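What follows is the residue order along each chain.
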Amino acid sequence: MIRVSIRNKLEKEINLFLEYLTVEMGLAYNTRESYGRDLRLFAGWIKKPLTEVDREDILAYMKMLRQHQYAPTSASRKLAALKAFFRFMTAEGFLEEDPSEVVEAGNRGVVLPKVMSLEEVKQLFAAPDLHQPEGFRDRTMLEVMYATGMRVSELLTLKRASVNLETRYVIAYGKGAKERLIPLGQIAVQFLRKYLTDVRPLFVKNGREDDSLFLTIRGTGMTRQRFWQIIKAYGVKAGIQKPLTPHILRHSFATHMLDNGADLRTVQELLGHADISSTQIYTHLTNNRLKTVFDKSHPRA
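In this report, we go over the structure that sits alongside the text. (Residues numbered from 1 in each chain as written. Predicted model: local features only at pLDDT ≥ 70, side-chain atom pairs only at ≥ 80, totals over all residues. Heavy atoms only, no water.)

Quick notes on the overall build of the protein
Part 1 of the reasoning: When you go through the protein residue by residue, the secondary structure sums to twelve helices and three strands.
Part 2 of the reasoning: Out of the 301 residues belonging to the protein, those deemed buried represent 46%.
Part 3 of the reasoning: Considering only contacts within the protein whose residues lie at least 6 apart along the sequence, 59% involve residues at least 24 apart. (Helix = DSSP H or I, 4+ residues; strand = E, 2+ residues; numbered from the N terminus. Buried < 20%, exposed > 50% of the residue type's maximum accessible area, 1.4 Å probe, protein only. Contact = heavy atoms within 4.5 Å.)

In structure tokens:
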């Protein structure tokens, strides 16, 4: 069996999640204890802080469970606990991405990420009120995120100097403070130009100069939690049935790029993926879509 370390770096986060299960979700004591055991088993194995856990770690963990001859039902339950935990940590802003989102318990280890259709993107973007400063700011943020495929943390740490509207590029700082140039589309440039000239100055408070590109009504930089709330609210307003997160725009960016003929290496570079296997997940979506079109269109399908 696996030796679980007595002290691990995830204990504080696990306890926070277990408290949420009890107070907010009202789960029974035995259910909470089961979650706790499963999560502490992972924490004792991973020996990494929360922010460093990635998809490959979780896949390696699932492989290890199989090697230790855990029953498929037991492995599935442990993965379900991890998914609930990482979903909570992402929603609360402790993580910028959910590393368990595209992992399943089966042999393939991949489940397709959720994306928006082009029609849903249009519906979402039509939701903010452009006559209000906050609405125009929000629409600009959505435009930039969908135009670039940035991580939400990259979007929210942008500075005014990060954007060059003349050359139509933005400088993003990804994981490990790696810098990359990302081109901006025409529509995103139009919104950014008006935002910087007419709208952003309305958020600047006297005596407080914050160089963040996107400001709140307090004159400070936007937080992940607040941006999450904004997207959820606009999704409801737009009548979009699927739950929306900031990361779904990144998934949609990658999928729509590949749908329209972009090559995998270009999408990898734009997303800032170190390993192309992370980008290849999106080809499953495009392949499925091609098959659907074929099945519907070919007379002998």
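Section: unusual backbone geometry
Part 1 of the reasoning: Its identity as a non-glycine residue notwithstanding, Gln69 has a phi of 60°, on the positive side.
Part 2 of the reasoning: Mapped onto the elements, Gln69 comes out in the loop between α3 (55-67) and α4 (72-91).
Part 3 of the reasoning: When its relative accessible area of 72% is taken as the criterion, Gln69 is described as exposed.
Part 4 of the reasoning: In this model, Arg168 sits at a positive phi of 60°, which is unusual for a non-glycine residue.
Part 5 of the reasoning: As for its position among the elements, Arg168 is in the loop between β1 (163-164) and β2 (169-173).
Part 6 of the reasoning: For Arg168, a relative accessible area of 35% puts it in the partly exposed group.

Quick word on the pattern of salt bridges
Part 1 of the reasoning: What the rule picks out here adds up to 15 salt bridges.
Part 2 of the reasoning: The partner of Asp211 in a salt bridge is Arg160, with the nearest N and O atoms 3.0 Å apart. Here Arg160 lies in the loop between α7 (152-156) and β1 and Asp211 lies in the loop between α8 (186-199) and α9 (224-238), a separation of 51 residues in the sequence.
Part 3 of the reasoning: Connected via shared salt-bridge partners are Asp38, Arg77 and Lys78. (Salt bridge = Lys/Arg side-chain N within 4 Å of Asp/Glu carboxyl O.)

Section: α8
Helical periodicity: at 3.6 residues per turn, an α-helix aligns residues three or four positions apart in one direction.
Part 1 of the reasoning: In this model, α8 (14 residues) spans 19 Å end to end at C-alpha, consistent with the 20 Å of a helix rising 1.5 Å per residue.
Part 2 of the reasoning: Of all the residues in α8, the buried ones are Ala188, Val189, Phe191, Leu192, Tyr195 and Val199. Along α8, the residues classed as buried sweep out an arc of 165° about the axis, all on the same side. Exposed side chains of α8 directed beyond 90 degrees from the buried face belong to Gln186 and Thr197.
Part 3 of the reasoning: Here the buried face of α8 lies against α6 (133-148) and β1. (Expected span 1.5 Å × (residues − 1). Arc of directions from axis to C-beta.)

A look at the packing of aromatic side chains
Part 1 of the reasoning: Under the criterion given, the structure shown has 13 aromatic pairs.
Part 2 of the reasoning: Both rings, one in Phe17 and one in Phe85, keep their centres 5.7 Å apart while their planes meet at 75°; by these two values the pair is edge-to-face. Here Phe17 is found in helix α1 (residues 11-23), whereas its partner Phe85 is found in helix α4, with 68 residues between them in sequence. The burial state of Phe17 is the same as that of Phe85; both residues are buried.
Part 3 of the reasoning: Through pairs of rings, three or more aromatic residues link up here, namely Phe17, Tyr20, Tyr35, Phe42, Trp45, Tyr61, Phe85, Phe86 and Phe88. (Phe/Tyr/Trp six-rings, centres within 6.5 Å; stacked < 30°, edge-to-face > 60°.)

Notes on the environment of Glu13
Part 1 of the reasoning: Along the chain, Glu13 turns up in helix α1.
Part 2 of the reasoning: Residue classification places Glu13 among the buried positions, given a relative accessible area of 18%.
Part 3 of the reasoning: C-alpha of Glu13 to C-alpha of Phe94: the two residues are 81 residues apart in sequence and 9.1 Å apart in space.
Part 4 of the reasoning: Sequence-distant contacts of Glu13, defined by excluding residues within four places in its chain, comprise Leu50, Phe85 and Met89.

Focus on the side chain of Ser252
Part 1 of the reasoning: Structurally, Ser252 is set in helix α10 (residues 246-259).
Part 2 of the reasoning: Under the relative-accessibility criterion, Ser252 is labelled buried at 0%.
Part 3 of the reasoning: Ignoring sequence-local partners within four residues, the contact set of Ser252 consists of Val115, Met116 and Tyr146.

Considering the packing of α10 against helix α11 (residues 264-271)
Part 1 of the reasoning: Two elements in contact, α10 and α11, have axes whose closest approach is 10 Å; the angle formed by their N-to-C orientations is 160°. In terms of their interaxial angle, α10 and α11 are classed as roughly antiparallel. α11 is crossed by α10, and the crossing has right-handed handedness. Residues Arg250, Phe253, Ala254, Met257 and Leu258 of α10 touch α11, and the partners they reach there are Leu264, Val267, Leu270 and Leu271.
Part 2 of the reasoning: By residue class, the composition of the contact of α10 with α11 is eight nonpolar, no polar and one charged. (Axes fitted to C-alpha atoms, helices over the stretch in contact; angles between N-to-C directions. Parallel < 35°, antiparallel > 145°, perpendicular 65-115°, else oblique. Left-handed = near helix turned anticlockwise from the far one by under 90°. Nonpolar A, V, L, I, M, F, W, Y, C, P; charged D, E, K, R; others polar.)

Just geometry here; none of it tells us what the structure is for.
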